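# Geometric and topological summary
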Amino acid sequence: MSPNVLRWFSLVALLWLQSINGTNLSFPAYSSQLKEFLSISQFKLNYLSFASDAGKVLGFISGIAAVHLPLPLVLLAGGSLGFAGYGLQYLSIVKKMFTLSFYQIWGLSFLAGNSICWINTACYIVAINSFPVNRQVAVGITASYQGLSGKIYTDIVHTFFYSSQREAASGYLLLNALVPLVCCVLTAPMLMRQAKATSYPTRDVKVGFIFLFAVTIATGIYAVATSLLPAPAVLVLVGIVLFLLAPLAIPTGFTLEELMSCRRSHQKIHDLEVPIEEDQKKEEEEIDEKAMLGVKEEVEWTQLWKKLDFWLYFGLYLFGPTVGLVFMNNLGQIAESRGCAATSSLVALSSSFGFFGRLLPSLLDYFFSKKRYMPSCLVSMAVSLVAMVASFLLLLIDSDIALYISTAMIGVFCGALTSLSVTMTAELFGTKHFGVNHNIVVVSIPIGSFVFGLFAAKVYRDGAAFDAQFDGKCFGMYCFQTTLIFWGMLCSFAAVLAAILYLRNRKFYTQKS
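We now turn to the structure provided with this report. Small disclaimer: the values here were computed from a predicted structure and weren't measured.

## A short note on the overall build of the protein chain
Of regular secondary structure, the protein chain possesses 23 helices and zero strands. Within the protein chain, the proportion of its 513 residues that are buried is 57%. Working note: accessible area of the protein chain is about 21800 Å², and carbon and sulfur atoms make up 66% of it.

Right, here's the structure in full:
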């Protein structure tokens with residue numbers, strides 16, 4: 001298999017891995033049932049939600065492991081950690097095979113959350129190494145598929161486990177344990193022989209990405225449509241599977257093209273052997289030069305804390321994308337407090353729009369990056385943060401329509417911020433230590449999840465105290481009103497940090513453009 005075909009097969013494998021790696025995105029769909037299973041308060045439920053995010057605190061270990069271990073092993077480690085974390089919870093909570101304390105369940109949720117980092121690290125490194133010049137496009141497209149995870153798991157549950165809310169909750173735990181591990185085992189061989197970033201036909205890259213964009217956009221439209229319109233669950237799931245298989249047409253097509261041209265070029269190989277080698281070396285140097293153009297400097301992870309840009313960026317991530325994730329974690333309780341029973345539909349909706357949000361930066365970068373009016377990543381992040389502020393304010397309106405629109409908007413812009421942050425880490429701190437550096441940045445997620453989620457739980461508890469007949473549950477707009485205003489203020493502060501960071505690096509972005 002040629003390096004060109006191999007890198008495209010690897011990219012397809014990354015799409016599949018990311019599409020099932022967002023196991024935490026399905027938490028809102030079964031959080032209310034989990035609360036009843038364990039007979040816990042809103043505060044303890046928030047602690048469990050935080051546990052999954054807290055696993056990212058040790059995410060940098062996966063980055064260090066990726067430096068010293070083969071990437072397939074890193075991938076399998078991630079699948080195994082998730083299998084242990086969710087599998088033991090399933091056996092204890094659903095099957096009652098043994099009893100676990102709340103703190104042991106918290107530890108397993110922590111382990112499951114950490115597994116996501118291992119799979120993410122392997123995917124990001126393979127994407128960057130395989131497409132160094134088009135790394136934002138490659139990473140952005142693969143990361144966008146993680147936004148589909150909530151939708152995919154919801155469709156599987158609706159197909160096989162939806163006889164009752166209780167069975168649906170058990171289905172989510174079982175799927176979160178098995179699906180990532182199975183997918184890691186199946187795709188690990190594709191990453192065994194990672195394609196080296198040598199020269200490859202420009203036409204193939206252009207054709208491949210344009211086709212992939214078309215498939216990805218079609219997949220997103222299908223996901224949104226089936227989230228909003230009623231359709232048989234089995235047919236919806238079959239459609240998603242077919243869309244996930246569609247990208248295989250790219251490496252398959254290039255393979256057939258190479259086989260057809262092999263006979264024509266076979267006789268000329270000996271005559272052109274030396275010139276070909278010289279051209280390859282020259283193009284490799286050009287690739288390295290082009291890849292470095294989008295990097296401000298290479299910073300080792302041990303030196304990050306000395307950089308003011310790092311702390312500004314860390315704060316931006318803490319008060320921006322993290323707030324969106326905290327909203328998603330509390331989506332089940334927000335919908336319940338407003339009297340909306342369609343929690344799973346909201347999860348599928350946010351997941352589908354999050355998919356488009358993650359894809360949007362890559363789409364714009366690929367087709368408009370050479371245009372002078374194309375905004376930088378930091379400007380795009382600032383605009384997305386302002387839009388999230390508007391979304392939280394819209395949620396103050398007591399209407400199911402406002403809830404659906406705001407959930408979709410937060411899904412889009414939080415997804416865009418997540419995708420942009422991957423590029424930002426590479427631009428500001430380089431690609432050589434990306435695996436560790438980016439996992440250090442996302443440590444802000446567990447910090448924000450705990451603090452901002454705890455604030456939401458306190459406001460919720462105070463609201464529930466007004467009416468004891470609901471047994472600790474809060475119903476009404478006041479349950480999250482103060483929280484939504486607080487979250488909006490945090491996103492406003494993050495937008496200010498994005499503006500400051502842009503002003504500090506304006507010269508770099510001017511040269512880059």
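## Some remarks on a nonpolar patch on the surface
A surface patch of nonpolar side chains, amounting to about 400 Å² of accessible area, comprises Ile210, Leu360, Leu364, Phe367 and Phe368. Ranked by the residues each element gives to the nonpolar patch, the list is headed by helix 17 (residues 343–368), at four residues. Look at Leu364 and you get partly exposed, because its relative accessible area is 33%.

## So, the nonpolar core
The biggest cluster of nonpolar side chains holds 142 residues, and the ones touching the most others in it are Leu17, Ile141, Phe209, Phe327, Phe392, Met424 and Trp487. Here this core gets 12 residues from one element, more than from any other, and that element is helix 6 (residues 102–130).

## What about the packing of helix 5 (residues 71–94) against helix 9 (residues 165–192)?
Working note: a packed helix pair is described by the angle between its axes plus the distance between those axes. Taken N-terminus to C-terminus, the directions of helix 5 and helix 9 make an angle of 165°; their axes are 8 Å apart at the nearest point. By the criterion of interaxial angle, the relationship of helix 5 to helix 9 is roughly antiparallel. Read as a crossing pair, helix 5 and helix 9 show a hand that is left-handed.

## A few points about the packing of helix 1 (residues 3–21) against helix 8 (residues 149–160)
For the pair helix 1 and helix 8, interaxial distance at closest approach is 6 Å and the crossing angle is 70°. Put simply, helix 1 runs roughly perpendicular to helix 8. For the pair helix 1 and helix 8, the contacting residues are Gln18, Ser19, Ile20 and Asn21 in the first and Ser149, Ile152 and Tyr153 in the second. Taken together, the residues of the contact of helix 1 with helix 8 break down into three nonpolar, four polar and no charged.

## Some words on unusual backbone geometry
You will see that Ser39, though not glycine, has its phi angle at about 55°, which is positive. Here Ser39 is to be found in the loop between helix 2 (27–38) and helix 3 (42–54). The phi angle at Lys96 is positive, at roughly 55°, despite the residue not being glycine. Position of Lys96 relative to the elements: it lies in the loop between helix 5 and helix 6. Exposure remark for Lys96: the relative accessible area of 55% places this residue in the exposed category.

## Here's the deal with the side chain of Thr423
Relative to the helices and strands, Thr423 resides in helix 19 (residues 400–429). Look at Thr423 and you get buried, because its relative accessible area is 11%. Leave out the neighbours within four places in its chain, and Thr423 touches Gln136 and Cys377.

## What about the state of the cysteines?
Applying the stated criterion across every chain, the model contains one disulfide. Between the sulfur atoms of Cys474 and its disulfide partner Cys479 the distance amounts to 1.9 Å. Since a negative S-S torsion denotes a left-handed disulfide, the Cys474-Cys479 link at about -90° is left-handed. Exposure remark for Cys479: the relative accessible area of 0% places this residue in the buried category. The thiol of Cys123 is unpaired, and the distance to the nearest cysteine sulfur, on Cys184, comes to 7.9 Å. Judged by relative accessible area, which is 0%, Cys123 ranks as buried. Cys184 takes part in no disulfide bond, and the closest cysteine sulfur to it belongs to Cys183, at a distance of 6.4 Å.

What counts, and where the lines are drawn
- Residues numbered from 1 in each chain as written.
- Predicted model: local features only at pLDDT ≥ 70, side-chain atom pairs only at ≥ 80, totals over all residues.
- Heavy atoms only, no water.
- Helix = DSSP H or I, 4+ residues; strand = E, 2+ residues; numbered from the N terminus.
- Buried < 20%, exposed > 50% of the residue type's maximum accessible area, 1.4 Å probe, protein only.
- Areas by Shrake-Rupley, 256 points an atom, 1.4 Å probe, with all protein chains shown as cover.
- Patch = residues over 30% accessible without salt bridge, like charges linked within 9 Å, V, L, I, M, F, W, Y side chains within 5 Å.
- Salt bridge = Lys/Arg side-chain N within 4 Å of Asp/Glu carboxyl O.
- Core = buried A, V, L, I, M, F, W, Y, C linked by side-chain atoms within 4.5 Å.
- Axes fitted to C-alpha atoms, helices over the stretch in contact; angles between N-to-C directions.
- Parallel < 35°, antiparallel > 145°, perpendicular 65-115°, else oblique.
- Left-handed = near helix turned anticlockwise from the far one by under 90°.
- Contact = heavy atoms within 4.5 Å.
- Nonpolar A, V, L, I, M, F, W, Y, C, P; charged D, E, K, R; others polar.
- Disulfide = S-S within 2.5 Å.

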